[in-house]
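Breakdown of the fold
Listed below are the residues making up each chain.
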Amino acid sequence: MDSYYDPKDLPKFADIGEEAPELAKKFFDYYGAVFAEGDLTEREKALIALAVAHAIQCPYCIDAYTQTCLEKGASLGEMTEAIHVTTAIRGGASLVHATQMRKIAKKLSM
Amino acid sequence: MSQKTAPLASSPDVSAELAQSLGIRPFAQTLVEHGLDLIRGETTTLQINLGLLCNHTCRHCHLEAGPGRTELMNRKTVDTVVAYARRESFQTVDITGGAPELNPNLGYLIETIAPEAPRLMLRVNLTAIAQQNTNYLLDLCMANRVVIVASFPSVSSSQTDAQRGKGVLDRSVAMLGKLNALGYGKNGTGLELNLVSNPTGAFLPVAQSHAEKKFRSDLERKWGISFNNLFTFANVPLGRFLTWLIDSGNLDSYMKKLFSGFNPCAVAGLMCRTLVSVNWNGYLYDCDFNLSKGVYLAGHKRHISEMDGLPGSGTRIPTGNHCYACTAGSGFS
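So, here is what we can say about the structure in this document.

Notes on the overall build of chain A
- Each helix and strand in chain A was counted, giving five helices and zero strands.
- Starting at the N terminus, the α and β elements of chain A follow one another as α-α-α-α-α.
- A compact globule built from 110 residues should have a C-alpha radius of gyration of about 13 Å, whereas chain A, at 19 Å, is more than 25% larger.
- Principal-axis analysis of the C-alpha atoms gives chain A an extent of 60 × 35 × 35 Å.
- Once local pairs closer than 6 in sequence are excluded, the contacts in chain A between residues at least 24 apart make up 57%.

So, in structure tokens, the structure goes:
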């Protein structure tokens, strides 16, 4: 194995059902239903998935949802903005913990 | 990728050997496996390719059109084509290129063929029409109720310019604004403006209804532009687009995408079943893609001046692996 991540492994995702077919079926049925057009469009859902893929830093998901976003008509501008949302939330999640720091520091300080 | 302009005869093609090496069955075999045959129905559309001269060298162009091309339909061939249209009853005449706006005989063709065509379509690239004889051509289009079909791949400048050339989005938007000001794409004017969006890379197009809704909203919001219909088509792996697929390492995945997306239900509605295409020299083809490959109408070289009637219903249409682009998803109709 040259690398833990190989793009050729992505199409093998469905093989995960070989050892637990019932669970896999439930998962993939649910997965398909989640990404179907609803109150959110397929394009909007793909953009959310792309943003989440960057938050969890999954190379398979980034590959898959970059392609899906393009095929659902998202522009590179929209895709880039979606990843800035990821970045803002990730950065904000760190920064908001400064309230803990400030609270503890205040308690300890004169 | 380099912007190559090669002679048509050497245009790249997805050969049987190449397809086999990618694990893709020949298109003809796929048809047989689905119990299908691609045969001509009633021919209702005459598509006229005025030549390969274009002011762009778009990366997805299956004809490898560009500024260096010299293939142009001359006045004599135009007269022969118009005479054929006069003899037969086509519901639609569809003028394409290259950029047909750059052929000096375009105005003459519109004037002479319009009375023979209940629906006359002109495929423009929005920047060429701004380049020369603009007001003359637009007046002619309005007077003859010519349907304008304009290439507009994306509302993103980086994506549009990557496909068509630097600054193309801004110039295209400016021409759409001018067309709107003339009444094109506006309700109640009878002047129809349709957009065509090809993907700006090695991926399949958005479902047409979704794309139209998004483009309508974006064009109105960003530039106050309106249009009638939007059509989305997959890029066809021929010519300059195939060269780009090979150079960029995308050929394998793109062909597999087209192959796995084969939709047997799309075959009945393919445009080649109802269209005959004539090139700048007056020779006939089943579609613009077979024209690109040099595969003649029903496999036989025939000049439009030799035609006695419409192409026969029931004749078999020559296919190749490029046909997978027209049968992926909802198809190319």
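More follows now that the structure is in view.
Some details on the sheet that holds strand β5 (residues 193-197) of chain B
Residues and elements named next belong to chain B.
- Pairing is mixed across the open sheet formed by eight strands, whose spatial order is β6-β5-β4-β3-β2-β1-β7-β8. Each end of this open sheet is capped by a strand with a single partner; those strands are β6 (229-232) and β8 (284-285).
- As paired strands, strand β1 (residues 45-49) and strand β2 (residues 92-96) are joined by five bridges and run parallel to one another. Within the sheet, the bridge partner assigned to N49 lies in β2 and is T96.
- Packing of helix α8 (residues 208-223) onto the sheet brings it into contact with β5 and β6, and relative to β6 it is tilted by some 130°.

Some points on the nonpolar core
Residue and element names in this part refer to chain B.
- By size, the foremost hydrophobic cluster in this structure holds 99 residues, and its most contacted members are V81, A85, V93, I113, I148 and A150.
- Among the elements that line this core, the one with the most residues is helix α3 (residues 75-87), at five residues.
- Once you skip the residues sitting within four places of it in the chain, A85 turns out to touch L46, F90, V93, I113, E116 and A117.

Details of the pairing of β1 of chain B
Residue and element names in this part refer to chain B.
- Counting buried residues along β1, four of its five residues qualify, which places the element largely inside the surrounding structure.
- For the crossover that starts at β1, traverses α3 and ends in the parallel β2, the hand is right-handed.
- Examined bridge by bridge, β1 and strand β7 (residues 275-278) share four bridges and lie parallel to one another. Residue pairing for β7: Q47 is matched across the bridge by S277.

Examining the packing of helix α4 (residues 106-113) of chain B against helix α5 (residues 134-143) of chain B
Residues and elements named next belong to chain B.
- It is the contact of α4 with α5, at a shortest axis distance of 10 Å, that shows an interaxial angle of 15°. Classed by the angle they form, the pair α4 and α5 counts as roughly parallel. For the crossing formed where α4 meets α5, the hand is left-handed. Only Y136, L137 and L140 of α5 make contact with α4, whose side of the interface consists of L106, G107, I110 and E111.
- Here the contact of α4 with α5 is composed, by residue class, of five nonpolar, one polar and one charged.

Some remarks on the environment of L50 of chain B
Residue and element names in this part refer to chain B.
- Mapped onto the elements, L50 comes out in the loop between β1 and α3.
- Classification of L50 by C-beta neighbours within 10 Å gives buried; the count is 29.
- Taking the C-alpha atoms as reference points, L50 and E220, 170 residues apart in sequence, are found 32 Å from one another.
- Non-local contacts of L50, meaning those with residues more than four positions away in its chain, are made with L72, M73, I95, G97, G98, P100, N103, L106 and W280.

Details of α3 of chain B
Residue and element names in this part refer to chain B.
- When the terminal C-alpha atoms of α3 are compared, their 18 Å separation across 13 residues agrees well with the 18 Å that a helix rising 1.5 Å per residue should span.
- What α3 keeps buried is the set T77, V78, V81, V82, Y84 and A85. Looking down the long axis of α3, one finds its buried residues gathered within 155° of arc, a one-sided arrangement. Exposed residues lying more than 90 degrees from the buried face of α3 are R75, K76, R86 and R87.
- Looking at the buried positions of α3, the neighbouring elements they touch are β1, β2, α4 and β7.

Some words on the interface of chain A and chain B
- If you look at the interface, chain A gives ten residues, while chain B gives twelve residues.
- Those elements that place two or more of their residues in the side of chain A that touches chain B are α3 (59-71) and α4 (76-96) of chain A.
- Here the side of chain A that touches chain B gets three residues from one element, more than from any other, and that element is α3 of chain A.
- Within the side of chain A that touches chain B, the residues separate by chemical class into two nonpolar, five polar and three charged.

Scoring rules and cut-offs
- Residues numbered from 1 in each chain as written.
- Chains lettered and ligands numbered in written order.
- Predicted model: local features only at pLDDT ≥ 70, side-chain atom pairs only at ≥ 80, totals over all residues.
- Helix = DSSP H or I, 4+ residues; strand = E, 2+ residues; numbered from the N terminus.
- Rg over C-alpha atoms; globule rule 2.2 N^0.38 Å.
- Contact = placed C-beta atoms within 7 Å.
- Pairing = 2+ DSSP bridges.
- Axes fitted to C-alpha atoms, helices over the stretch in contact; angles between N-to-C directions.
- Core = buried A, V, L, I, M, F, W, Y, C linked by C-beta atoms within 7 Å.
- Buried ≥ 20, exposed ≤ 12 C-beta atoms within 10 Å, placed from the backbone.
- Right-handed = clockwise from strand over helix to strand, strands pointing away.
- Parallel < 35°, antiparallel > 145°, perpendicular 65-115°, else oblique.
- Left-handed = near helix turned anticlockwise from the far one by under 90°.
- Nonpolar A, V, L, I, M, F, W, Y, C, P; charged D, E, K, R; others polar.
- Expected span 1.5 Å × (residues − 1).
- Arc of directions from axis to C-beta.

These results come straight from atomic positions and should not be treated as a statement about function.
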